[in-house]
Amino acid sequence: MSITELLHIKYPIMQGAMAQIAKAPLVAAVSNAGGLGIIASGGMSGEELRAEIQKTKALTDKPFGVNLMLMMTNIEELTAVIIEEGVKVVTTGAGTPKTYMPIWKEAGITVIPVVPSVLIARKMEQLGADAVVAEGTEAGGHVGETTTMALLPQVVDAVSIPVIAAGGIGDGRGIAAAFALGAQGVQIGTRFLATDECPVHENFKLACLKAKDRDTVVTGRRNGAPVRSIKNKMIKEYQRLEDENVDRDVLEELTLGSLRKAVQEGDTENGSVMAGQITGMITEIKPVDALIQEMMTQATETVSALTVK
Ligand code: TUI
């Protein structure tokens with residue numbers, strides 16, 4: 001079954017679940033445009049998630065999903081809300097969904113874990129995942145080590161479930177490249193930050209427009225939670241402290257509430273501006289629908305340009 005059939009969507013585009021950002025306005029815009037919008041539940045309580053699901057339902061009658069960030073401790077509470085509200089697609093990140101998989105499958109939910117390696121992709125297939133998102137280190141936020149270019153074909157060869165590509169995809173050329181490497185769909189996060197409907201502070205969008213190809217960095221590798229974000233004052237301080245080998249708590253204190261600072265208050269110097277490497281090629285804020293149309297047209301043109309005449 002193709003990914004569009006599996007998810008009941010028009011275009012093989014999923015929206016990456018960006019913590020505190022991927023809420024009803026963006027999720028509904030992506031689903032209305034023919035992709036799959038995904039609510040990021042990381043940091044939410046059960047009732048906050050329920051409210052976000054209900055807001056999304058009020059804005060679209062198309063399918064959408066919920067992402068569960070597995071470093072959270074309230075997954076069971078969030079799962080109950082997902083089942084009660086009848087959400088049919090769950091994606092997972094930043095950990096293994098092993099304990100919850102039977103509950104989700106029992107409830108008839110399509111489960112799509114995000115994976116950073118072949119080993120974890122294989123594990124997810126064995127656990128009963130319906131598809132996997134293979135996410136390269138070009139992505140924003142919590143990342144693995146392998147690039148999309150190298151990871152994707154290796155995951156495609158290793159599993160027999162559909163593979164969706166993520167990390168470093170920001171336009172139709174990227175979509176075409178992902179399909180060339182065997183993906184059946186793409187998940188796009190960063191490019192959706194710079195859209196009219198994205199409910200992130202304007203300064204965050206402007207930081208994405210301004211950033212160039214080398215302006216994102218990965219910090220926190222030593223703590224076991226590597227995160228890619230746009231270099232700023234806070235990140236430079238973090239790197240200085242990391243070089244000094246300070247205690248974990250000192251680093252945690254620096255990053256405490258930092259995502260909120262950037263996303264909600266627009267403090268892009270002292271906050272955490274998580275974004276992927278493709279932020280360097282974003283030049284324009286546009287509506288989600290126009291962006292998706294443009295990307296699909298460019299993807300189709302890119303593929304047909306390969307045809308031998
Ligand atoms: O999850 C993401 N990206 C994220 S989550 C996030 S929220 C956050 N906020 C502050 C600090 C840290 C995180 C921001 N960005 N992407 C999916 C992803 N999943 N990348 C890597 C993984 C992953 C890692 C290990 C998936 C499975 C896994 O399994 C470990 C195991 O033991 O099986």
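Up top is the structure these notes are about.
None of these values were measured; they are calculated from a predicted model.

What counts and how
- Residues numbered from 1 in each chain as written.
- Predicted model: local features only at pLDDT ≥ 70, side-chain atom pairs only at ≥ 80, totals over all residues.
- Heavy atoms only, no water.
- Pairing = 2+ DSSP bridges.
- Helix = DSSP H or I, 4+ residues; strand = E, 2+ residues; numbered from the N terminus.
- Salt bridge = Lys/Arg side-chain N within 4 Å of Asp/Glu carboxyl O.
- Buried < 20%, exposed > 50% of the residue type's maximum accessible area, 1.4 Å probe, protein only.
- 1 Å grid on protein atoms, 1.4 Å probe; cavity = no way out; pocket = protein on both sides within 12 Å on 5 of 7 lines; lining within 4 Å.
- Points joined across faces, edges and corners; volume = space filled by probe spheres on them.
- Contact = heavy atoms within 4.5 Å.

J.: So what about the sheet that holds strand β10 (residues 216-219)? Which residues, and what values?
T.: Backbone-to-backbone hydrogen bonds pair the strands of a sheet. The strands run either parallel or antiparallel. With antiparallel pairing, three strands are arranged side by side in an open sheet as β7-β11-β10. Two strands bound the open sheet, and with one partner strand each, they are β7 (141-142) and β10. Direction of pairing for β7 relative to strand β11 (residues 227-230): antiparallel, over a ladder of two bridges. The residue bridging histidine 142 from the neighbouring strand is valine 227, located in β11.

J.: So, the pattern of salt bridges: which residues are in play, and what are the values?
T.: With the rule as written, the count across this model stands at 13 salt bridges. The salt bridge partner of glutamate 47 is arginine 50, with a shortest N-O separation of 3.1 Å. In this pair, glutamate 47 and arginine 50 are both assigned in helix α3 (residues 46-59), three residues apart and thus about one turn of the helix distant. Looking at glutamate 47, the relative accessible area reads 51%, which means it is exposed. Between glutamate 85 and lysine 57 there is a salt bridge, with its nearest N and O atoms 2.9 Å apart.

J.: Go over the layout of surface pockets, please, and point to the residues and values.
T.: Its boundaries defined by the atoms lining it, the second largest pocket holds a volume of some 280 Å³. Around the second largest pocket, the lining comprises 13 residues; the ones closest to its centre are Ala207, Lys210, Ile230, Lys231 and Glu269. Mapped by element, the contributors of at least two residues to the lining of the second largest pocket are α10 (202-210) and α11 (233-243). Per-element accounting of the lining of the second largest pocket gives the leading share, four residues, to α10.

J.: Can you explain unusual backbone geometry? Please cite residues and give values.
T.: Most peptide bonds take the trans form, and the phi angle of most residues other than glycine is negative. The phi angle at glutamine 20 is positive, at roughly 70°, despite the residue not being glycine. Considering the arrangement of structural elements, one finds glutamine 20 in the loop between β1 (13-15) and α2 (24-32). The exposure class of glutamine 20 is partly exposed, given its relative accessible area of 24%. Positive phi is not limited to glycine here, since alanine 94 has a value of about 60°. By the secondary structure assignment, alanine 94 is in the loop between β4 (89-93) and α5 (101-106).

J.: Can you explain the side chain of threonine 219? Please cite residues and give values.
T.: With respect to the helices and strands, the residue threonine 219 is situated in strand β10. With relative accessibility at 5%, the residue threonine 219 sits in the buried group. Setting aside residues no more than four positions away along its own chain, threonine 219 makes contact with Ala225, Pro226, Val227, Ile235, Tyr238, Gln239 and Glu242.

J.: Describe in detail the environment of serine 117, supporting the description with residues and values.
T.: Mapped onto the secondary structure, serine 117 falls in the loop between β5 (110-115) and α6 (118-127). With 103 residues separating them along the chain, serine 117 and methionine 14 place their C-alpha atoms 20 Å apart. Sequence-distant contacts of serine 117, defined by excluding residues within four places in its chain, comprise Leu151 and Val155.

By themselves, these figures tell us nothing about what the structure is for.
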